[in-house]
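Descriptive analysis of the structure
Here is how the chains run, residue by residue.
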Amino acid sequence: MSKTSMLLSAVVLQLAAQALGGVWGAAIAGIITGIALRDRGAFRLGFGSAALAAALLLGWVAVRGGNVLHFAGMLGGNFKLPGAGILAITLLLPALQAGGMAGGVARLARQR
Amino acid sequence: MVRSTFFPLLDPMARNIPVAVLSLAVGLGATWIGARGVGEVPPLGALLSPAVGLWANTANDLPDAASARIPGLTDAVDIRYDSRSVPHIFAKTELDAVRALGFVVARDRLFQLELQSRAGEGTLTELVGDVALPADKETRHLGMPRAAEQRMQATDTSSALYRILQAYADGINAYRASLSTAQWPMEYKLLQKAPREWLPVHSMHLLGRMGYTLAHAPTELDLLQARALVGDSAARSFWDSSSPVQEPIQPAPRSAPREALAALPAPGAPDTAAVQALAALGTNAGALLWQRDAELSPDDRSAIQQERAFASNNWAVAPQRSVSGKALLAGDPHLELTLPSIWFEVHMVVPGRMDVGGVTIPGLPGVTIGYTPAFAWSFTNTGADVMDFWRETVNDAARPTAYELDGQQQPLESRVEVYRNKQGQVIASDTVYYTHRGPMRKQGREWLSMRWTVLEAGTELMGFYNGLHATTAGAFLDSLAAYYMAPAQNMIVADTAGTIAIRSTGKHPIRANRARGTDIFDGRSRANDWQGFRKVAQYPQSFKPAQGFLASANQEPIDPQLDSLYLGTDAHYEIWRALQINRLLRADSAMTPEKMRAFHTDPGSVRADRLTPAFVAAAKARIAQGDTSKSLAAAEAMLRAWDRRYVRDNTGARLFETAIARATSLLWDEFIPPGKSAPVVRPSESRLLQLLVDSTSSWWDDRRTTAVREDRDALLSRALVAAFDTLVVEFGDPVKSPWTWGRVAPAKPRHLLRLDGFSAPETPIDGGRGTLNPSVGSRLANFGASWRMVVELDRVPRIRGVYPGGQSGNPGSPRYLDRLAMWGNGTLDSVRTPRTPADLAASDIRATLTLTR
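In what follows, the accompanying structure is described. (Residues numbered from 1 in each chain as written. Chains lettered and ligands numbered in written order. Predicted model: local features only at pLDDT ≥ 70, side-chain atom pairs only at ≥ 80, totals over all residues.)

1. Observations concerning the overall build of chain B
Looking only at helices and strands, chain B has 25 helices and 34 strands in total. Over its C-alpha trace chain B gives a radius of gyration of 29 Å, about what one expects of a compact globule, namely 29 Å for 853 residues. In terms of overall dimensions, chain B has C-alpha extents of about 95 × 85 × 70 Å along its principal axes. Taking as baseline every contact in chain B between residues at least 6 positions apart, the subset at least 24 positions apart corresponds to 70%. (Helix = DSSP H or I, 4+ residues; strand = E, 2+ residues; numbered from the N terminus. Rg over C-alpha atoms; globule rule 2.2 N^0.38 Å. Contact = placed C-beta atoms within 7 Å.)

Below, the structure written as structure tokens:
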């Protein structure tokens, strides 16, 4: 499977997992990615696919009428953070969940 | 090789283990933080998930077309949202309209519904956590949830009232049941709570909460504390007498206000009986049980009481004084400015039965202020004294079971109040006792019971529902009077036949022997109980007044020279806006809706017109006597140049306001108890008018400056200098950086949970204390015009209105703040009044909603 195909598959998996599984979705999809890959680059793949999926879901919010940038600023006001910080956390958190789980599981699977 | 020598695990295969553990730790850690949060950090993963977190709430929350089901609906309901996001409900029965009302209110305000009802129920801790425990305790100690529960238990389930409450609950619950967790309002996600089921009793809790907001201003302790400091005569001249200026709601037969600016009695020796009573109550500088804002310091309590100011206005003009020859009506209830607004705009049509629009309070199934095809109405708060206290004699000072009444021991009812946190765990409990009068609690060494009309209310909704079928102003007011108990309101109404009318409607207690409600009564005798309530004919009121206009602005409802039966004291009322609106209405006999719109934000102020010259004259006098203070000269010049209008770019109002605050701080030193630094009570600002004409009154003397005896000019000058110097420090040199009013006193509606990010930006406005738009934004509170409406009662009434905020309670919605700019500018929007769905032009329809069984 090419790298592009792997990335696309992982992104699709993440989209489904984050949409259906909420906060747990990214981690579960990361585990699946790690088991499936069992190779170097699992962390990067999990991280990247989760961040990309989160970005796509944010884009979908915008398509449905959400003013993402304005709302990021409002949310930031509640946490004393800039809007960009909120956006960064939004993308980073599922990325770390998925990347960490994928990388860890892949290495353990490889060990066996 | 080198690395392997020192760390055998760095063998390529073995190295997988620690890296795997590290990687998993990152993944699990991020998941843990995301799902559970850490310390002060909330569960960010759940909140920021683009699919189910807060982001999900930012998508368009009013789709072009939608449908839903409400169990129990008898027929389909067609709802059209106009371009202002106002739902027009077209139903075939009134109960279906109410079900739909519950649904559309919940659709935009689900969290607000729950928060407000819990505030009246005393269960906020279960929603927001331990931080709300003091508020919940206050609510329960007032007996509010018990009263609501008893009212519901006493309501027959087949009665019209119960069926209305149940229909409304059905609509709310149908909407709630239709939501996935991703669709829950943001506040639930932030609080990690689920929306609860709405019960009919929750509307009763909210009604009680409105009573708390509007009819909870006991002054007994103020009078007692004042007596203990300046003696009985002086204290009663402030806290047990009428306003020195009378511009009553029921017009007096004269063309100007009546002023009675008699000299105030000089401060005297402490009243020993009051000193002993205070000692027994243990409240030398504290708050009386059930006193509003009891947890605040006396200074803050006084400040917030002034800021709250109950500053609603309403007025009506008869056809003979309007350009169109039609009756005109305007109203702007002032309440705390929140996001979402306390109001939700709605219109309901049931052909042949009901056609009513206006604003509803989420949680109350009806239109509170609004219009029908025949008439329009608005309210201001009456502010009358409807809460009294009795000193009870109990059989056991620690755990009483009975109290003495007419020589007999009467059993006490007790109710254990249990407070729970968000997880349902018990965090506190206490016992509230009840006599036949109401709740009883221990204060110091005394047991005090309380009676409050708000605890005896509950049928108000029926007054509204029957009133909506009226076709004349008088019939509408009569319907309300038949059912409406509390919180008492000055109800103004105008109809298409040209009638204007006003009535201070609500239960006004009559005390034994025509006593006033200013002292704590002896509870041992029933003879000291309330003897009944004023009859409707005794309510302050006016129909078709000869003067051709009516106005209320929380002033004393009736001149005591005309009716001396006690309603309240000067401390319960405010005079400045009443003087201002009557001044405007008297001066113009060619009124138009546009002029009335402009009155809402009129920057003129009788208060400033009466008090500013006193400061200028005092400063001039001091300067003439040789005072060379540069601050005094600069302040005098600034105040003299000020046109006394609170437009947003004026630069004199800030100095005037600060000078008034300083002057009253210096003036009321007599109310500072020994060992304290601030007054425990402050007389009403209207008393300044009495003092200004008595330049050597001993009240002007600041007793803290023992070497000097200040007179009026000395004290006002000192206050002016202090105010000027303070503002220089706070806002800089006024020459270089003018103290622009809009910059230093903006309005700022705040989110219900006080979340800064979801609050409105600071909005400069025209208006200030004493004007008809006395919006005040401070660290303590934020009050202002919560709804503005102007109606021309033509054959088809023309209505315009606005409130700060927007129809949606969702901070991520474009409809959350879309009305704020219009409100800030003092403009109004045209209210649509379609009689059928077809009357609303397609271009004016924002969305549709169809409700079926």
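2. Things to note about the interface of chain B and chain A
Many descriptions give the size of an interface as the accessible area lost when the pieces come together. Each partner contributes to the interface: chain B provides 35 residues, whereas chain A provides 37 residues. Those elements giving two or more residues to the side of chain B that touches chain A turn out to be helix 2 (16-36) and helix 3 (44-48) of chain B. Of the residues forming the side of chain B that touches chain A, the biggest block, 13 residues, is contributed by helix 2 of chain B. Here the side of chain B that touches chain A is composed, by residue class, of 23 nonpolar, 11 polar and 1 charged. (Nonpolar A, V, L, I, M, F, W, Y, C, P; charged D, E, K, R; others polar.)

3. Structural notes on the sheet that holds strand 7 (residues 328-332) of chain B
All names here are of chain B. Ordered by their spatial adjacency, 6 strands build an open sheet running 27-6-7-31-32-33, and the pairing between neighbours is antiparallel. At either end of the open sheet lies a strand with only one pairing partner, and these are strand 27 (549-552) and strand 33 (829-830). Strand direction decides the pairing type here: strand 32 (residues 798-802) and strand 33, joined by 2 bridges, are antiparallel. Considered in strand 33, the bridge of Gly801 is made with Asp829. (Pairing = 2+ DSSP bridges.)

4. Observations regarding the environment of Pro837 of chain B
Residues and elements named next belong to chain B. Within the secondary structure, Pro837 sits in the loop between strand 33 and strand 34 (845-852). What makes Pro837 partly exposed here is the crowd of 14 C-beta atoms within 10 Å. Sequence separation between Pro837 and Leu688 is 149 residues; the distance between their C-alpha atoms is 56 Å. Ignoring any residue separated from it by four or fewer positions in sequence, one finds Pro837 in contact with Asp78, Arg80 and Phe90. (Buried ≥ 20, exposed ≤ 12 C-beta atoms within 10 Å, placed from the backbone.)

5. Overview of the packing of helix 19 (residues 606-624) of chain B against helix 20 (residues 630-641) of chain B
Residue and element names in this part refer to chain B. Contact pair helix 19 / helix 20: the axes reach a minimum separation of 9 Å and the direction vectors enclose 145 degrees. Handedness of the crossing formed by helix 19 with helix 20: left-handed. Between helix 19 and helix 20, the contacting residues are Thr612, Phe615, Val616, Ala619, Lys620, Arg622 and Ile623 on the first element and Leu632, Ala633, Ala635, Glu636, Leu639 and Arg640 on the second. Here the contact of helix 19 with helix 20 is built from residues that sort into 8 nonpolar, 1 polar and 4 charged. (Axes fitted to C-alpha atoms, helices over the stretch in contact; angles between N-to-C directions. Left-handed = near helix turned anticlockwise from the far one by under 90°.)

6. Re the nonpolar core
A general feature of soluble globular proteins is that nonpolar side chains tend to end up buried together. Residues and elements named next belong to chain B. Core analysis: the biggest nonpolar cluster contains 212 residues, and Ile89, Ala100, Leu101, Ala316, Leu329, Val493 and Ala494 have the highest contact counts within it. With 14 residues, the top contributor of residues to this core is helix 4 (residues 94-121). Apart from the residues lying within four places of it in its own chain, the contact partners of Ala100 are Val77, Ile79, Ile89, Ala91, Gly171 and Leu851. Core analysis: the second largest hydrophobic core is formed by 54 residues, Trp668, Phe671, Leu727 and Trp739 among them. (Core = buried A, V, L, I, M, F, W, Y, C linked by C-beta atoms within 7 Å.)

7. Describing helix 1 (residues 3-37) of chain A
Residues and elements named next belong to chain A. Its 35 residues place the ends of helix 1 only 11 Å apart at the C-alpha level, less than the 51 Å of an ideal helix rising 1.5 Å per residue. The largest bend along helix 1 measures about 150 degrees and falls at Gly21. Remark: Arg38 follows helix 1 within two positions and exhibits a positive phi of approximately 45 degrees. (Expected span 1.5 Å × (residues − 1). Bend = angle between axes of the 7 residues up to and from the residue.)

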